[in-house]
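# Chains, contacts and geometry: an overview
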Amino acid sequence: MSARLQLLGMDGAALEKLVVDELGESRFRAKQIAQWLARGAEISEMTNLSAKLRERLAEIAVANPVRIVQSHRSKIDGTEKFLYALEDGNLIEGVVMRYHHGDSLCVSTQVGCRMGCAFCASTLDGRVRNLTPGEMLGQVVAANRHIQREDPARRVHNIVLMGSGEPLDNYDSVVAFLRRVNDPEGLNISLRSVSLSTCGLVPKMYDFAGEGLPVTLSISLHAPNDDVRCKIMPVANAYPIGEVLAACKNYVEKTGRRVIVEYALIRGVNCALSQADELAARLRGLNCHVNLIPLNDVKERNLHAPEKAEVAAFLRRLNSRGVSATVRREMGADIDGACGQLRRKALASPADLNH
Ligand code: SAH
């Protein structure tokens, strides 16, 4: 990684230490810098600092370690995909979706992923490295700045930790990010508007329930039993579905928040009506909502979404068994929706990057 400091990743105390102890400036400069950082300013744009201070800061630090190098906007619904470059040249991606209640940003937590789910593009080349809290904050700040260029009234209102990576496999940095993201002096995003999605690292789910963070937990279940789950999610070999659901129940008890069960429908694998029955039975007693997601085809894998009628029948069956469930609305259908695909394309032909 680059040796340059990531200012966005520093909390108030660390910034103050840098400004006072190392740069010999007064403390209030740290507050000024923090305000600029939350707005996505580069160091050169921090115009209430002296030119000399800006110069010295720029020698040792970068404001935001994340830069948008490509963006693709859907003509259908305004959904916009970003390819971001990190300081060390690694690439990650994100997507901002426009909903009536505000903009929602999908944030990555790792470069790549080591969970190995059979249907997921992010894991095809394994995990490269964890992201720092500054790189997670940086995605939000870069996205805000991008969307505000056109419409200053827009801003990221909701965050879903559903980009590349397994958030609970980068636990400390993700928790640090969450504690920072709702800083009133910074991004000021309510944690009630944040969801964290996990493939089910059970011990970390218990740890997370104890953090006292009012975040919505999403569990990537994708199967009604261990037989099916083990075929598509290697993590199921370590943590059986019963333990995963017990950890979800604990999360509901500890936080009072309903969990979201994610279920990607994969043709011939997990969408028979008998499997809807099994899922409904499994979820009994858990305060949850099921999000059905017709699989985004990943061309590297031979896995596909079922027909629309099959999706509708699966949904009806769950509902008739008393399970709260909906089919996730497809967003950005014309911009190559599937997660991880933009990065894979860019890695295959780096000349396309508008650095
Ligand atoms: N590692 C975390 C978060 C990242 S993935 C997790 O597993 O939850 C975000 C969601 O997208 C997960 O539910 C994941 O299973 C799902 N997903 C991955 N690839 C997909 C695909 N091709 N089609 C539909 N959903 C997919």
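The structure this text deals with has already been given above.
Below you will find a few notes about this structure. This is a predicted model, so every value here is computed, not measured.

### Structural notes on the packing of helix α6 (residues 202-209) against helix α9 (residues 241-255)
When two helices pack together, their arrangement is given by the angle between the helix axes and the distance between those axes. It is at 9 Å that the axes of α6 and α9 come closest, and there the two elements cross at 5°. When the axis of α6 is compared with that of α9, the two are roughly parallel. Contacts between α6 and α9 pair Val-202, Met-205, Tyr-206, Phe-208 and Ala-209 from the former with Glu-243, Val-244, Ala-246, Ala-247, Cys-248, Asn-250, Tyr-251, Lys-254 and Thr-255 from the latter. In terms of residue class, the contact of α6 with α9 is built from 10 nonpolar, 2 polar and 2 charged.

### As for the site of the ligand
The environment of the ligand is made up of 16 residues, and the closest members are Phe-119, Ser-197, Ser-220, His-222 and Asn-296. Interatomic distance of 2.5 Å between a side-chain N/O atom of Ser-220 and an oxygen atom of the ligand. The fraction of the free accessible surface of the ligand (530 Å²) that becomes covered by protein chains is 94%. Class assignment for the residues of the shell around the ligand results in 7 nonpolar, 7 polar and 2 charged.

### Thoughts on the packing of helix α4 (residues 133-150) against helix α5 (residues 171-181)
Here α4 crosses α5 at 45°, and the two axes come no closer than 8 Å. The angle between the axes of α4 and α5 places the two elements in the oblique class. Between α4 and α5 the crossing geometry is right-handed. For the pair α4 and α5, contact is made by Pro-133, Met-136, Leu-137 and Val-140 and by Ser-173, Val-174, Ala-176, Phe-177, Arg-180 and Val-181, respectively. In terms of residue class, the contact of α4 with α5 is made up of 8 nonpolar, 1 polar and 1 charged.

### Points about the packing of aromatic side chains
With the rule as written, the count across this model stands at 4 aromatic pairs. Ring centres of Phe-82 and Tyr-84 lie 6.0 Å apart, and the angle between their planes is 55°; on these two criteria the pair is classed as tilted. Here Tyr-84 falls in the buried class, since its relative accessible area comes to 0%. These aromatic residues form a ring-pair network of at least three members: Tyr-171, Phe-208 and Tyr-251. One residue, Arg-39, lies across the ring of Trp-36, its end atom 4.6 Å from the ring centre. When the ring centre of Tyr-171 is taken as origin, the NZ or CZ atom of Lys-204, which lies over that ring, is 5.2 Å away.

### Some details on the pattern of salt bridges
All chains considered together, the criterion is met by 16 salt bridges. The partner of Glu-16 in a salt bridge is Arg-27, and the shortest N-O contact between them spans 3.0 Å. Taken as a pair, Glu-16 in helix α1 (residues 12-22) and Arg-27 in the loop between α1 and α2 (28-39) lie far apart in primary sequence, 11 residues in all. Its salt-bridge partner being Arg-29, residue Glu-25 comes within 3.7 Å of it at the nearest N-O pair.

### Things to note about the side chain of Asp-169
Residue placement: Asp-169 occurs in the loop between β9 (156-161) and α5. Given a relative accessible area of 16%, Asp-169 falls into the buried group. Looking at Asp-169, its side chain comes within polar contact range of the side chain of Gln-110, at 3.0 Å. Within the structure, Asp-169 has its side chain in polar contact with the side chain of Arg-114 (distance 2.7 Å). Contact partners of Asp-169, with chain neighbours within four places excluded, come to Gln-110, Arg-114, Met-115, Arg-127, Asn-130 and Leu-201.

About the cut-offs
Residues numbered from 1 in each chain as written. Predicted model: local features only at pLDDT ≥ 70, side-chain atom pairs only at ≥ 80, totals over all residues. Heavy atoms only, no water. Axes fitted to C-alpha atoms, helices over the stretch in contact; angles between N-to-C directions. Helix = DSSP H or I, 4+ residues; strand = E, 2+ residues; numbered from the N terminus. Parallel < 35°, antiparallel > 145°, perpendicular 65-115°, else oblique. Contact = heavy atoms within 4.5 Å. Nonpolar A, V, L, I, M, F, W, Y, C, P; charged D, E, K, R; others polar. Near = heavy atom within 4 Å. Polar contact = N/O pair within 3.5 Å; in protein donor to acceptor, adjacent residues only side chain to side chain. Areas by Shrake-Rupley, 256 points an atom, 1.4 Å probe, with all protein chains shown as cover. Left-handed = near helix turned anticlockwise from the far one by under 90°. Phe/Tyr/Trp six-rings, centres within 6.5 Å; stacked < 30°, edge-to-face > 60°. Buried < 20%, exposed > 50% of the residue type's maximum accessible area, 1.4 Å probe, protein only. Lys NZ or Arg CZ within 6 Å of the ring centre and 35° of its normal. Salt bridge = Lys/Arg side-chain N within 4 Å of Asp/Glu carboxyl O.

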